[in-house]
Amino acid sequence: MTRDEISPLAIDEHASGSDESNLSRRAMMTRPWHPWHSERVLRCITCQAVHPLRDVIYRCGSCGDLLDVAFPRPTETGAALAATFRARRMSDNPIDRSGVWRFRELLPFYDNEAQIVTYPEGNTPLLEAPKSAGYAGLRRLRFKHLGFNPTGSFKDYGMVTGVTQARILGMRAVACASTGNTSASLGAYAARAGLLPIVLVPETGVSFAKLSQSLDYGALTLMVRGDFDVAQALLRKLAPRLGIYILNSVNPFRLEGQKTVMIELLEQLGWEAPDRIVVPGGNLGNSSSFGKALRELHDLGLLSKRPRITIVQARGAAPLSEAYEGGHSETLVRVHARTLATAIKIGSPVSWKKAARAVDWSDGWVMSVSEQEIADAKAVIGQDGIGCEPASATTLAAIRRLASEGTDERIDPDETIVAILTGNVLKDPDYTIRYHQSSLFEEFRSETIVTDHGRGLTSQFANPPVVVDATEEALMAVIQERLDTIG
Ligand code: F0G
């Protein structure tokens, strides 16, 4: 793919600091993108129509497109905000300690602090990953690991704001369609806020670990005989009829919370923006909120440069990547998703326009990686003592390819790169065990049956368990053999 294949971008007007590189760039979206609004509203990303903040809507009443939460520019300077965010880390107030509400000047949709729900969430680590860096051919690579959240995935960053808005609206029940992580997060947050959680998951393909979470949190767990995309479409029709509140990433209040991943990251980096941020893409909510956060921080003067948002999809579930490659600018062709990275097994991502906006604004990139690349990258991340679920490993797979191959987009070994790990390694133990026992197959399922046993993946970094007799000698021999390999 070359950028020239994609339709021209109308230059956005920045309140501060316009980036010259944008002028010659070609990209997908064509609309200006202003971060602020004179009042707190829901604003359409396409026709800019505004709707009251307290309307229970997910799409624009005029044109049907996605909505942003828009609000006035904070009155404080960027530097003053940064100082406030930092000072709150010393506070004992739970909302100051939350890795989301610590940044609440950029989440001003609530009316008083009593409305705020917190677990707490966020405050996730930025981890050095020397083995992964070496694997990718980089001098340095850091992972921001969002799996360190209360339910083990990045979803908690957004669920906390989504459930807060549900409470403000006086909803009784909240619902989502999910590949597993959203349902786990929704289950926990709804339970803590005293709301009924309702989750729709595909009947097959959701990891047991994730399913077990929503059961334990008391969610009404509906295993739909269809894939994620079908469940998402059904929920959209059902929710208004039942008066339940949708907390998928089509809900702009969820994406507000996920902005704080970026704010927290920038703070961890001393407000020195990295060259590139690499993030897995499924329903494309996370990359969308990263873009919105960076857009706001940029306008507040808190961004030293625009990090290039690089979205990675699994090859069999890559509609955005295919749209960029095909150069079609205003449409996304839905695909029938196939990947063992079940978290991102999504063929019709709801937030694709917002994600494209983020990629274009940041001069970013969209690509896909193979099942084999994902599996090996995951094992290498494990060797750094970090671990993640398969969807997260798309990041390292992509970085390795961009650093080693002569594609149009090439990573320089000296680039500062942060890759986002979205889920904890314990989220999908079955995949991990099958990899290390060299029995991971590209086995794809339709809603109810295995359609294709596919080829076996190669487990280049397999570390299988060793069954050993219960004697001192037998154990000695095996351990000694391994000790000899480390010299
Ligand atoms: N990584 C993990 C571990 C996920 O669970 C998801 C999405 C993604 C990446 C992709 O993020 O959708 O914001 O682009 N999981 C959703 C779910 C769809 O239902 O749990 P996205």
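In the block above lies the structure referred to throughout.
Residues numbered from 1 in each chain as written. Predicted model: local features only at pLDDT ≥ 70, side-chain atom pairs only at ≥ 80, totals over all residues. Heavy atoms only, no water.

Caption draft 1: Focus on the packing of helix 10 (residues 260–268) against helix 11 (residues 285–299). Closest axis-to-axis distance for the helix 10/helix 11 pair is 7 Å, and the angle between their directions is 55 degrees. In terms of axis orientation, helix 10 runs oblique to helix 11. Counted together, V261, M262, I263 and L266 of helix 10 and F290, A293, L294 and L297 of helix 11 form the full contact between these two elements. Its residues placed into classes, the contact of helix 10 with helix 11 shows eight nonpolar, no polar and no charged. (Axes fitted to C-alpha atoms, helices over the stretch in contact; angles between N-to-C directions. Helix = DSSP H or I, 4+ residues; strand = E, 2+ residues; numbered from the N terminus. Parallel < 35°, antiparallel > 145°, perpendicular 65-115°, else oblique. Contact = heavy atoms within 4.5 Å. Nonpolar A, V, L, I, M, F, W, Y, C, P; charged D, E, K, R; others polar.)

Caption draft 2: Spatial organisation of the environment of W361. Within the secondary structure, W361 sits in helix 13 (residues 352–361). Residue classification places W361 among the buried residues on the basis of a relative accessible area of 2%. Residues W361 and Y431, spaced 70 residues apart in sequence, show a C-alpha to C-alpha distance of 36 Å. (Buried < 20%, exposed > 50% of the residue type's maximum accessible area, 1.4 Å probe, protein only.)

Caption draft 3: Region of the structure containing the site of the ligand. Neighbouring the ligand are 19 residues, the closest being S178, G282, N283, L284 and T422. K155 has a polar side-chain atom sitting 2.9 Å from a nitrogen atom of the ligand. Interatomic distance of 2.8 Å between a backbone N/O atom of N286 and an oxygen atom of the ligand. Look at the ligand: alone it shows 470 Å² of surface, and the protein chains cover 99% of it. (Near = heavy atom within 4 Å. Polar contact = N/O pair within 3.5 Å; in protein donor to acceptor, adjacent residues only side chain to side chain. Areas by Shrake-Rupley, 256 points an atom, 1.4 Å probe, with all protein chains shown as cover.)

Caption draft 4: Geometry of the nonpolar core. Ranked by internal contacts, the top residues of the largest apolar core, which has 96 residues, are Y245, M262, I311 and L320. By residue number, the principal contributor to this core is helix 5 (residues 155–169), which donates seven residues. Once you skip the residues sitting within four places of it in the chain, I311 turns out to touch V279, G281, L284, S287, L320, A355, V359, W365, V366 and M367. If you look at the next biggest cluster of nonpolar residues, it comprises 42 residues, including A136, I344, V380 and I381. (Core = buried A, V, L, I, M, F, W, Y, C linked by side-chain atoms within 4.5 Å.)

Caption draft 5: Structural view of the sheet that holds strand 1 (residues 41–44). Taken in spatial order, the three strands line up as 2-1-3 in an open sheet, and their pairing is antiparallel. Each of the sheet's edge strands pairs with one partner strand only, and the pair in question is strand 2 (50–52) and strand 3 (67–70). Sheet twist, expressed as the mean angle between neighbouring strand axes with direction ignored, is 35 degrees. Taken together, the four bridges between strand 1 and strand 3 define a ladder with antiparallel strand orientation. Within strand 3, the residue paired with R43 across the bridge is D68. (Pairing = 2+ DSSP bridges.)

Caption draft 6: Seen up close, the packing of aromatic side chains. Per the stated rule, a full pass over the model turns up 10 aromatic pairs. Here W33 and W361 contribute two aromatic rings whose centre-to-centre distance is 6.3 Å and whose plane-to-plane angle is 75 degrees, an arrangement assigned as edge-to-face. Here W33, found in the loop between helix 1 (21–24) and strand 1, pairs with W361, found in helix 13; they are 328 residues apart in sequence, far enough to count as distant. Of the two residues examined, W33 and W361, each falls in the buried class. On the basis of an interplanar angle of 50 degrees and a centroid distance of 6.1 Å, the ring pair of W101 and F109 is categorised as tilted. Of the two residues examined, W101 and F109, each falls in the buried class. Three or more aromatic residues joined by ring pairs make a cluster, and in this case those are W101, F109, Y110 and F253. The positively charged end of R192 is found above the aromatic ring belonging to Y119, 5.0 Å away from the centroid. Here the guanidinium or amino end of R400 rests over the ring plane of Y135, the centre of that ring lying 4.2 Å away. (Phe/Tyr/Trp six-rings, centres within 6.5 Å; stacked < 30°, edge-to-face > 60°. Lys NZ or Arg CZ within 6 Å of the ring centre and 35° of its normal.)

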